[in-house]
Every structure is written in structure tokens, then in C-alpha cells.
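# Observations on chain architecture
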Amino acid sequence: MNAIKLIFLLIISPLLLAGVGTWELQRATEGARVPDQAQAYVNVMKPVLKTWLEENPTVPITVGSDGLSPEQFLSRLARMEAELPTARHINRVLHALAAWVIGLGLLAALIGMAALAGTQWAGRRAQQSREQLLQVFSLGSRLLPYVLVSHVVAMAATVALALSYEGLALWHIGQLGKGEVKLMGWLGVIAAFCLYSIWLLLKQLRHMLVMFEPTPLEMFGRVVTAEQAPGLWRQVRKLADKLSALPPDHIVVSLALGFYVTSSPATVRPAETPLRGRTLHVPLLYLGLLSREEVDAVIGHELAHFVGEDTEYSLRFVPIYDGVSRSLETLEQTMMDSDLIQAWLMRPSFLFGVFFMQHFDHAVNRWSRERELLADAAGGCLAGNAAAASALLRISVLQTPVEDVLLAHCDTPVEGDVLNAALAALQGQELQAPDEALETHQPHPTDSHPSNGERLHALRVPWADAMHSATRAVDAQAASLQIDALFSAAHSLREQLSRDLFAEAAGEHTAQTHLLETLAASAQGEHALHEGGRRRAVLMAVLAVPFVLLGLAMMSEPWLAPERLKGTALSAVGAGAGIASIALIFLWLGIRRFKRAPQTALRLTPEHFVFANLAQPLPIEHIASVTLQFLQGIWVTIELTPEAPLPELRKTAFGVPGARVNRKKRQVLLQMAQLCIDNKKIEPYEGLMLMTDYVKASLARKILQNWQD
């Protein structure tokens, strides 16, 4: 679907504008003859009029519906002749504008065609090898932002020039009408708006130009040096030497999940430490939960990405590709935060960015799968295929329990070292493989991995053997000692990581609490919505009365004035009855609306939506969503949650506004002519926002209460 949209935006639309320019050029060419024809007319008429004036000075001359004296006619010809140079200048400007519209429209179409064709070509080249993927993606990431900006500028300029042409083309010889002047003004305003849009686009240029530039990867943890982690660095360098791989420039340890390497620029929070070069991320808990052989296999797998041909791919392509993905997310968020004009200008660039990435996804997944399997083989060569397969499944088996334990401790922080508490909690658990273990993909912030089943098959290790080793019980003391052996000051590092984790969790909790408190305070007290419109109701009823009387008079005419009757008595009675019936309906509607106008149709309270004809107030916690629809008035539609009981209806008096219950769709519906509060009409979206605020406020209070409990 994106391809169809892009073809329309990048190619068809500019070609249509170029077609408009061709039509305008044709009109300008035809218009060039008008001043010459007018000049010839003036040259012929001047001597004729002078002769006429000498012979018949008082005889008027008729021009169209106007009777003019010869002097007036000569004066009109003089004004026409004076305007001819202006007409020729304007025609030359129109001719130039039309030519520019054609040129810019064709240029925009050419740019769009080149961009789409280039992306298709690059996608095919990327399938041939990783070197080709690196070359064409790098080239595209540099060129395409400028191409897209050029296309949008050309399109906006084409529209502005086309509108300028149409506005200027309204000028003609003779006095311009008021309507023509107004239309020229409006077209000029729209053209200026298009030029203003180009200025806005140039303001947003930085967002588009950085769309294909790498953005730093955010990591959470602590950078450890060789002095702080001598055992870990010694182990990593030893594995790198065995593989003839480039060693990492930095090692980051954290309580997050996943071993991975990255050569992207990174920022390590909470210290906001910037890193450049090769970085190895190590989850501290897994250094103890895995055996030494399993740790060697996993780290060896990661270091294998910096061996041989994979090195250039990891160092050059992966950072660019990951950066583009993150930049697209940033651009999408910028579009959401921008106003309508800016978002409209940036949308083609975003759509093309998605289109560009989609044409490389298949090649990237293909080469990523290949390089991951080769890295598994490298890890198996270092520690044995059995250890590599066991590590692969053990990480999958431990992922959920480790997440649950860390989240539990974030909710109830412990004093000192969270690792000891986590290891103790894991020691008492019986580890089991999840049902989807073979389909599981290892967690990684950027790369995609083959499934565990594919990787086990490539390692040629039986599933049962690998799973038996992966589900062994956790020995908390042995795991703690294995971790401590890798660091010079393990206790202080563990406490620091624990404090960082709790501080991050506390910060997020504070931010969430503030947001919930803001939402909870957004809907206070009660609001009563009613229909209003008493004046209209009175007017409707008053206007209906004469027609009721007219109908009654027509019905009684056969008996009261038979001599004036035209047609049969039955037809007179029928016509009168019809008019009276329709008028009575409007009279009844007017009276009904007059009575409904001040009565509360929906009362909003902090915990309930109260309808006049529901047996019980509707708890807000039973409401899934609130929407408005416009069909013969305003329909308030309330979707109920699946577990909410259906409300019961009760009878109400005449003219009391009531809701309907759609039991099949689990909806409560209320129809109103308009929305009013305190006899003041409000816009429908204001009413919807008010109702939505009450729903959000109730949910926020419930969450805050649960946190307190």
C-alpha cells in the first residue's frame, strides 16, 4: 500500500501538475494574440470615430447595451490603448509561469521516479552479497534525504506558480469586477501559503536530513575498565585472540537482559557516558547463572561478529542500519508532535523511509541469519557445541524468571545488593522450558536472530540433551562467587548497579504517579449534560400552530362553505388531514423538546455516568470507550467492558431524555440534538473530551489506590 501511495505522491501528482502547466501554456499562447487584436481594433476605430464626431457630434453610439457619445467612446478606446503594454507584460509573465510549472512538475516526477527505481535496484543488489548491501545502503542513506527534500520543494513551488498563474490570468483589459478581484486575492493567498510551506519545510530540513544518519544507542548500566573487571577483560581478550577477532573497546555490565556487541555510537545511562567504537554488553546475573563454558560460548558468539568479512559488516553497515531504524521512529514521533502543515510536508519523507527500509529488510534478514549461525559455530569451536546449545536454551529458560524477580525487587527495593536477593529467589525455583522455546528469538536491541530451533539444528545438538543442561537448578552461592571472581571490587559494583536500578525504577514510578495524579485531577465534581434549545422548541411549536389551523379549516370547508369547494369533499378532507397531521407532529416535537431541554440527560460524576432511564448509575470502571457519532443529532456511544453486567432500563415520564441499550453489541446509546451545560451549548468534541476525562480520571484513581494498597 505504501508503494501505491508513493507512486501517487512522487510521480503521478507532479505529472498532473505538469499537465496543468501545459494547459496554462496553451492559454498563454492564445492570450498573446489578444493585445494585438485590441491594438488593431483601436487603430481601425479611432479614425472612424473622429469622422463620426465631426459629422454627427450629438448622435450616440451603442456599444453592447450602453449608449455612448462619440467622446465617451473615444475615451474608452484611449484607456484600452493605455492598458495594452500592461497586457503584453502580464502575458509574458504568464508564459514564463506556465513554462516553470511544466518544468518543475516534470523535475519532481523525474526525482520521484529516480528515487523509487533506485530503491528497487538497490534492494536487488543487496541480495547478492553483504558487500553490495553495505555499498548500496550507504549510498542511499546519504543521497535519499536530499532527493526527498528536493522533491517536496519542487512540488510546493509548482503548486505556488500554478496558482499564481491562475490569479494573474483573471486580469483583463477594462475594469475588473469585485468578484474577480476577490478571487485574485484568494489565489494569491493560497500561493503565498504554498511558499510559506516551503519555508516550513526548510525549517524541518534537519529532521529529514538526519533521517538516514545513525542515532546513538541507549544502554543502561556501567562501563567497566580492565582495572575494575580484570577477570572479565582477561577472559574476553583470550577469546578474541583465539578467534583472531577485534576485541571490544568497552565493556558495559548491567542488570538488563542479553549479551550483545555493537559498534554504533552509544550513551550509557544513568552516567550519560558516551561511547564510540566496539562495545560488549554483558548482563551481570548471567555471568553466574551460566557455566564458564556457556559464558565463553556466548561471548565467543558475540566476538565472532568482528572476525574476517563480518568485521566490516558489523563496523559499518549495522550502525547505519540501526541508526536509520531509530531515526524513522524519531521522525514519526516528530510528525505526531508537529502541526498539520508540518506533518503533511514530512509524511512523504517518512513513507519513503519506510519503503526504503522494507526493500532492504529481506536482504538484511538473510545475511543476519547467516552471520548468526556462523557466530554460533565460532562459539561452539571455543567451548563446544554442547555448551553453546545449552547456553542458548538456558538464557531462554531463565529470561522470564529473571525478569519477574527483578521487577518484583523494583516494586519493593531491598537494601544493598539486589543480585544476592535475585539469586536467592531463583535458587528455589524449578526451571522449565516454555512451550515456545524452539521458536524463541534471543533478546537483542538491534539485530534479528534465527529461532532457537534453527540454531540448535545448525549446532547438531539433540534437543533433550541441551534442555537437560539448560534447566538445571540455580546454585546461588556458586553463581555469586563466579561473578565476584571477574571483578576487583565486585561488591561495590553490584551495589552501584542495584542503586541505579532502584533509582531508575523510582524515577519511572514518580513520573507515572505524577501523570496519574494529573489525570485523576482532570475531572473533579459533577457535570450535567442536557439538550437545551428551548427557543427552537418554542419556535417549532408556534410555527406548527397555523398549519394545524389551516388543516382543520380545510377539513371543515365541505360543511362550512360548500359553495367555495373545489373538487370533491373527500379530497379536501384528506388534504386538510394531511397538513394538520404533519403540523401536529411538529407541534408534538416542539413540546417534547421544550420539556426535554432543561432536563439532565447524562450526569457525570467521578465514579459514575448517570442516565435518567437506567435503573442504576453506570460505574465508570465498566466503560471501555466513549465515542460520538452524528446521525440525526448527536449519538453518545458507550462501549461496555466484556465483564460488565448489562444495565437495566426503567420507565420515565414523557419528554425525559433516555438511553438505549444494545445488548448484542454491549453498548449504551444516548441521542441528543445538541450538548449543553448550564444552558450553554458546547461543541461536540468538548463534550467528548469531558466524558473521556472522567473515564481516564477514574482509571487513574483506581491505579493509584491499588498502588497504595
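Residues numbered from 1 in each chain as written. Predicted model: local features only at pLDDT ≥ 70, side-chain atom pairs only at ≥ 80, totals over all residues. Heavy atoms only, no water.

## Details of the overall build of the protein
The following threshold applies: Only DSSP runs of H or I covering at least 4 residues are called helices, and only runs of E covering at least 2 are called strands; the numbering of each starts at the N terminus. A simple rule labels every residue: compare its accessible area, found with a 1.4 Å probe on the protein chains alone, to the largest value its type can have, and call it buried under 20%, exposed over 50%, or partly exposed in between. The contact criterion used throughout is that any non-hydrogen atoms of two residues lie within 4.5 Å. Working definition of accessibility: Shrake-Rupley area with a 1.4 Å probe, residue cover restricted to the visible protein chains.
Scanning the protein for helices and strands turns up 20 helices and 19 strands. Buried positions account for 44% of the 709 residues belonging to the protein. Considering only residue pairs separated by 6 or more positions, the protein has 78% of its internal contacts joining residues 24 or more positions apart. About 36,600 Å² of surface is accessible on the protein, with carbon and sulfur atoms providing 61% of the total.

## Focus on the packing of helix H17 (residues 490-520) against helix H20 (residues 684-708)
Threshold: Structural elements are reduced to axes, namely lines fitted to C-alpha atoms, with helices fitted over the stretch in contact, and the angle between N-to-C directions of any two is expressed from 0 to 180 degrees. Between 65 and 115 degrees an angle is taken as roughly perpendicular, under 35 as roughly parallel, over 145 as roughly antiparallel, and anywhere else as oblique. Note on convention: near helix rotated counterclockwise from far helix by under a right angle means a left-handed crossing. Clockwise means right-handed. For this scheme, ten residues count as nonpolar: Ala, Val, Leu, Ile, Met, Phe, Trp, Tyr, Cys and Pro. Four count as charged, namely Asp, Glu, Lys and Arg, and the remainder, Gly too, count as polar.
With their axes 7 Å apart at the nearest point, H17 and H20 run at an angle of 135° to one another. Judged by the inter-axis angle, H17 sits oblique to H20. At the point where H17 passes H20, the crossing takes the left-handed sense. Contacts from His509, Gln512, Thr513, Leu516, Glu517, Leu519 and Ala520 of H17 reach H20 at Lys696, Ala697, Ala700, Arg701, Ile703, Leu704 and Trp707. Here the residues of the contact of H17 with H20 are counted per class, giving 8 nonpolar, 3 polar and 3 charged.

## Things to note about the sheet that holds strand S8 (residues 273-275)
Just so we agree on the cut-off: Any two strands with at least two DSSP-identified bridges between them are counted as paired.
An order of S3-S7-S8 is seen for the 3 strands of this open sheet, with the pairing classed as mixed. Of all the strands in the sheet, the pair left with one neighbour each is strand S3 (217-220) and S8. Taken pair by pair, the neighbouring strands of this sheet meet at an average axis angle of 25°, ignoring direction. Pairing analysis gives 3 bridges linking strand S7 (residues 266-269) to S8, with the strands arranged antiparallel. Residue pairing across strands places valine 268 opposite threonine 273, the latter belonging to S8.

## Here we look at the side chain of threonine 119
Cut-off, in case you're wondering: What qualifies as a polar contact is a pair of N or O atoms within 3.5 Å, subject to a donor-acceptor requirement within protein and to the restriction that residues adjacent in sequence count only when both atoms come from side chains.
Turning to its location among the elements, threonine 119 is positioned in helix H3 (residues 70-126). The class for threonine 119 is buried, based on a relative accessible area of 1%. Within the local environment of threonine 119, its side chain forms a polar contact with the backbone oxygen of alanine 115, the two atoms lying 2.8 Å apart.

## A closer look at the environment of phenylalanine 594
Mapped onto the elements, phenylalanine 594 comes out in helix H19 (residues 569-596). Sequence separation of phenylalanine 594 and alanine 541 is 53 residues, and the distance between their C-alpha atoms is 9.0 Å.

## Concerning the sheet that holds strand S14 (residues 623-630)
Taken in spatial order, the 4 strands line up as S14-S15-S17-S16 in an open sheet, and their pairing is antiparallel. Of all strands in the sheet, those with a lone pairing partner are S14 and strand S16 (660-662), marking the two edges. Across the sheet, the mean angle from the axis of one strand to that of its neighbour is 25°, orientation sign disregarded. In this sheet, strand S17 (residues 667-672) lies alongside S16 in antiparallel orientation, the contact comprising 3 bridges.

## Regarding helix H15 (residues 463-470)
Rules: An arc is given here, and it is the one of the directions from the helix axis to the C-beta atoms.
Along H15, the residues classified as buried are Ala466, Met467 and Ala470. On an axial view of H15, the arc spanned by its buried residues comes to 95°, and they lie on one face. Exposed positions of H15 whose direction lies more than 90 degrees from the buried face are Ala464, Asp465 and His468.

## Some words on the pairing of S3
Side chains on a regular strand alternate between the two faces of the sheet. What you see with S3 is a clean split: Leu217 and Met219 sit on the buried side and Glu218 and Phe220 on the side with no burial. Bridge count for S3 against S7 is 4 bridges, and the pairing is parallel. The residue of S7 that forms the bridge with phenylalanine 220 is arginine 269.

## So, the nonpolar core
For clarity, the cut-off: Residue types Ala, Val, Leu, Ile, Met, Phe, Trp, Tyr and Cys, when buried and joined through side-chain atoms within 4.5 Å, form a set referred to as a nonpolar core.
In terms of nonpolar packing, the biggest core is built from 67 residues, with Leu232, Ile251, Val253, Phe259, Leu287, Ile299 and Phe487 touching the most fellow members. The biggest single contributor to this core is helix H12 (residues 385-411), with 12 residues. Sequence-distant contacts of phenylalanine 487, that is, excluding residues within four places in its chain, are made with Val224, Gln228, Ala229, Pro230, Leu232, Val253, Leu284, Leu287 and Leu493. Core analysis: the second largest hydrophobic core is formed by 31 residues, Leu640, Ala644, Ala659 and Met691 among them.

## Details of the side chain of serine 698
Counting through the fold element by element, serine 698 comes out in helix H20. When sequence neighbours within four positions are dropped, the list of residues in contact with serine 698 reads Pro606, Glu607 and Ile620.

## Here we look at the packing of aromatic side chains
Applicable threshold: Centres within 6.5 Å are what make two rings of Phe, Tyr or Trp a pair, Trp counting through its six-membered ring; a difference in plane orientation under 30 degrees is then read as stacked, over 60 as edge-to-face, and the rest as tilted. Only when the NZ of Lys or the CZ of Arg is both within 6 Å of the ring centre and within 35 degrees of the ring normal is a charge said to sit over the ring.
Using the criterion set out here, one finds 0 aromatic pairs in the structure. The positively charged end of arginine 27 is found above the aromatic ring belonging to tryptophan 23, 4.1 Å away from the centroid.

## Some thoughts on helix H9 (residues 292-303)
Our working definition: Working rule for helices: expected span equals 1.5 Å times residues minus one.
Given a rise of 1.5 Å per residue, 12 residues ought to cover 16 Å, and the 16 Å separating the end C-alpha atoms of H9 matches this to within 8%. Among the 12 residues that make up H9, 10 are buried, leaving the element largely enclosed by the rest of the structure. Taken together, the buried positions of H9 are Glu294, Val295, Asp296, Ala297, Val298, Ile299, Gly300, His301, Glu302 and Leu303.

## A look at the pairing of strand S15 (residues 634-640)
Counting buried positions along S15 gives 6 out of 7 residues, so the element sits mostly inside the fold. Across 6 bridges, S15 lies against S17 in antiparallel orientation. The residue of S17 that forms the bridge with isoleucine 638 is valine 668.

## Observations regarding the environment of leucine 284
Note on placement: leucine 284 falls in the loop between strand S9 (279-283) and helix H8 (286-289). The buried category is assigned to leucine 284, whose relative accessible area is 0%. When the C-alpha positions of leucine 284 and valine 252 are compared, they lie 9.5 Å apart, and in sequence the two are 32 residues distant. Here leucine 284 is in contact with Ser254, Leu255, Leu419, Ile483, Phe487, Arg494 and Leu497, once residues within four sequence places are set aside.

## What to know about the confidence of the model for the protein
Our working rule: Scored from 0 to 100, pLDDT records how confident the predictor is in each individual residue.
Residues at a pLDDT of 70 or more form 76% of the protein, whose mean pLDDT is 78. Confidence drops under pLDDT 50 across residues 443-447; counting only partners more than four residues distant or on other chains, this segment forms 14 contacts.

## Remarks on the pattern of salt bridges
Should their charged atoms come close, side chains of opposite charge can pair. Counted only if it meets this: Counted as salt bridges are all cases of a side-chain nitrogen of Lys or Arg within 4 Å of a carboxyl oxygen of Asp or Glu.
For the coordinates displayed, the defined rule picks out 8 salt bridges. For arginine 269, the salt bridge goes to glutamate 504, with nearest N and O atoms at 2.7 Å. Of this pair, arginine 269 sits in strand S7 while glutamate 504 sits in helix H17, and the two are 235 residues apart along the sequence.

## Observations regarding a nonpolar patch on the surface
Note the threshold: Like charges are joined within 9 Å and nonpolar side chains (Val, Leu, Ile, Met, Phe, Trp, Tyr) within 5 Å, but only among residues with over 30% relative accessible area and no salt bridge; these make up the patches.
Together, Ile582, Ile585, Phe586, Trp588, Leu589, Ile591 and Phe654 make up a nonpolar patch on the protein surface, roughly 670 Å² of accessible area in all. Tracing the chain through its elements places isoleucine 591 in helix H19.

## Topic: the packing of helix H7 (residues 230-243) against H9
The interhelical angle for the contact between H7 and H9, taken along N-to-C directions, is 60°, at an axis separation of 10 Å. Taken together, the axis directions place H7 and H9 in an arrangement best described as oblique. Two packed elements cross with a definite hand, and for H7 against H9 that hand is right-handed. Note on element contacts: H9 touches H7 through Arg292, Val295, Asp296, Ile299, Gly300 and Leu303, opposite Leu232, Gln235, Val236, Leu239, Ala240 and Leu243. Looking at the contact of H7 with H9 residue by residue, the classes come out as 8 nonpolar, 2 polar and 2 charged.

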